[in-house]
There are 2 protein chains.
Amino acid sequence: MQLLKDRIIKDGANLGGGILKVDGFINHQVDAVLMDACGQELASLFKEIGADKVLTAEISGIAPAVMTARYLNIPVVYARKTKPITMPETVYLTTAPSHTRGTMTELIVSPEFLCCGEKILIIDDFLASGSTIAGLARLTAAAGAQLVGIGALVEKVFEGGREKLKGLGVPIESLAIISNMDDGKIVFSN
Amino acid sequence: MQLLKDRIIKDGANLGGGILKVDGFINHQVDAVLMDACGQELASLFKEIGADKVLTAEISGIAPAVMTARYLNIPVVYARKTKPITMPETVYLTTAPSHTRGTMTELIVSPEFLCCGEKILIIDDFLASGSTIAGLARLTAAAGAQLVGIGALVEKVFEGGREKLKGLGVPIESLAIISNMDDGKIVFSN
């Protein structure tokens, strides 16, 4: 998606070590109009798969997931990292390594909102190592729901997430695919 | 806003102790179409105030804030509760009591994205005790920005937030205003 790639070149920063700073338009400050366009594009890419629900992880997955869901006219569920008091006692919980913090993060979904037989489209801001998305896929399986697709705004190919997730056997789409961030570069392969 | 009030009656639950469970459509599972309509309504209520930016707090403020910002054609900044590695060393930080957890939460904004002279509209999912919104107002003041309005999806009048925030001297709008949750009831005053 040219609009997103142009914005990454204009306002993103390669901090080294594979870290892409996009907090001016994706994950601290959000360009709501750009996010709307990204949601529309992701919805268009997945319009034929018949998803019943979008699943994402708090925090930075929420904006792209809600925008995608709006265009698909379906609800979003965002996995919580802590269990609120409004959630039932028994939940689906998995753990995933946090890429940028070096810790394990819990991903928690209420069984009220992830149900047997539902077709689930996972949307997140980044597809990097694939650990968070793999965790969301495990929650989907735990609920007896059916994963039907995976979409991300930005993919870092060199972190191997797509390889890791390939075994799930569903289409994987990313709007901006970065193949190389060596030496301060940001090189796209799409 | 009738659509939101109807949904609260249909799918919300009064858990007692002033706790309203709306995690089927606002803050775990999100009805993206309803959220879009709420964003449009909040944008319409604040269209004359000339806001440059929407400010909210992660996590559950993100969906309504992004939808409101989209209709106002301005960016959103969401205050983080932990400082990511992509954020500068020096930040604006304030603490606010977490209503549902009984702990103190940090609210952190990068000076890159909250600037002197900007007109700030605060949007959150709940206006209850007003503590989170008061924290966001302190961050706004710390940055030398100007608060111009406060909007929420759901207000619980009996927790006194509006009284607490009145001194800020800006318009406060909530789409569903609940005046009484005693004895399992949910009574609106708007």
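Check the entry above for the structure.
Position numbers for residues count from 1 along each chain, tracking the sequence in the order it is written. The order in which chains are written sets their letters, starting at A; the order in which ligands are written sets their numbers, starting at 1. Owing to the predicted nature of the model, reporting of local features is limited to residues with pLDDT of at least 70; listing and counting of side-chain atom pairs is limited to 80 or more, with chain, interface and lining totals taken over all residues.

(A) Seen up close, the pairing of strand S4 (residues 53-57) of chain A. Residues and elements named next belong to chain A. To sort residues by exposure, count the other C-beta atoms lying within 10 Å of each residue's C-beta; 20 or more gives buried, 12 or fewer gives exposed, and values between give partly exposed, all with C-beta atoms placed from the backbone. Going along the chain from the N terminus, every DSSP run of H or I of four or more residues is numbered as a helix, and every run of E of two or more is numbered as a strand. A large share of S4 lies buried, amounting to 5 of its 5 residues. Burial of the side chains of S4 extends over both faces: Lys53, Leu55 and Ala57 are buried on one face and Val54 and Thr56 on the other. Strand pairing follows a simple DSSP-based rule, namely that at least 2 bridges must link the two strands. The sheet contact formed by S4 and strand S8 (residues 119-127) spans 3 bridges and is parallel. The partner of Val54 across the bridge, within S8, is Leu121.

(B) Layout of the relation of the copies chain B and chain A. Copy-to-copy alignment: least squares on C-alpha atoms, limited to residues at pLDDT 70 or above in both. When chain B is fitted to chain A, the best match, at an RMSD of 0.0 Å, comes from turning it 180° and sliding it 0.0 Å along the axis. Here the transformation between the copies is reduced to the relation of a two-fold axis. A share of 100% of the interface residues of chain B reappears at the interface of chain A, consistent with the copies meeting face to face through the same patch. Two residues qualify as being in contact provided that their C-beta atoms, derived from the backbone, are within 7 Å of each other.

(C) Layout of the interface of chain B and chain A. Contact residues are listed per partner, giving 34 residues for chain B and 34 residues for chain A. Contributions of two or more residues to the side of chain B that touches chain A are made by strand S3 (29-30), helix H2 (32-45), helix H3 (62-72) and strand S5 (76-79) of chain B. The biggest single contributor to the side of chain B that touches chain A is H3(B), with 5 residues. Residues belonging to the side of chain B that touches chain A are distributed by class as follows: 19 nonpolar, 7 polar and 8 charged. As paired elements, strand S3 (residues 29-30) of chain A and S5(B) share 2 bridges and run antiparallel to each other. Residue pairing for S5(B): A:Val30 is matched across the bridge by B:Val76. All amino acids are sorted into three groups, where Ala, Val, Leu, Ile, Met, Phe, Trp, Tyr, Cys and Pro are nonpolar, Asp, Glu, Lys and Arg are charged, and the leftover types, Gly among them, are polar.

(D) Local environment of the sheet that holds strand S10 (residues 172-180) of chain A. Strand order in the open sheet made by the 7 strands is S11(A)-S10(A)-S9(A)-S8(A)-S4(A)-S5(A)-S3(B), with mixed pairing throughout. Two strands lie at the open edges of the sheet, namely strand S11 (187-188) of chain A together with S3 of chain B, each paired on one side alone. Taken together, the 4 bridges between S4(A) and strand S5 (residues 76-79) of chain A define a ladder with parallel strand orientation. Each bridged residue has a counterpart across the sheet, and for A:Ala57 the counterpart in S5(A) is A:Ala79. Across the sheet, helix H4 (residues 131-142) of chain A lies against S4, S5, S8 and strand S9 (146-156) of chain A, angled at about 165° from S8(A), the strand it touches most. Between N-to-C directions, angles cover 0 to 180 degrees, with each direction set by a line fitted to C-alpha atoms, over the stretch in contact for helices.

(E) View of the sheet that holds S3(A). On the basis of which strands lie adjacent, the open sheet formed by 7 strands has the order S3(A)-S5(B)-S4(B)-S8(B)-S9(B)-S10(B)-S11(B) and mixed pairing. Edge positions in the sheet fall to S3 of chain A together with strand S11 (187-188) of chain B, since each of these pairs with one other strand and no more. Here strand S10 (residues 172-180) of chain B runs beside S11(B); their pairing, made up of 2 bridges, is antiparallel. From the neighbouring strand, B:Ile178 faces S11(B), where its bridge partner is B:Phe188. Along the sheet face, helix H1 (residues 2-11) of chain B touches strand S9 (146-156), S10 and S11 of chain B and points at about 35° away from the line of S10(B). The sheet contacts of helix H4 (residues 131-142) of chain B involve strand S4 (53-57), S5, strand S8 (119-127) and S9 of chain B, and relative to S8(B) the element is tilted by about 165°.

Any link to function would need more than the numbers given here.
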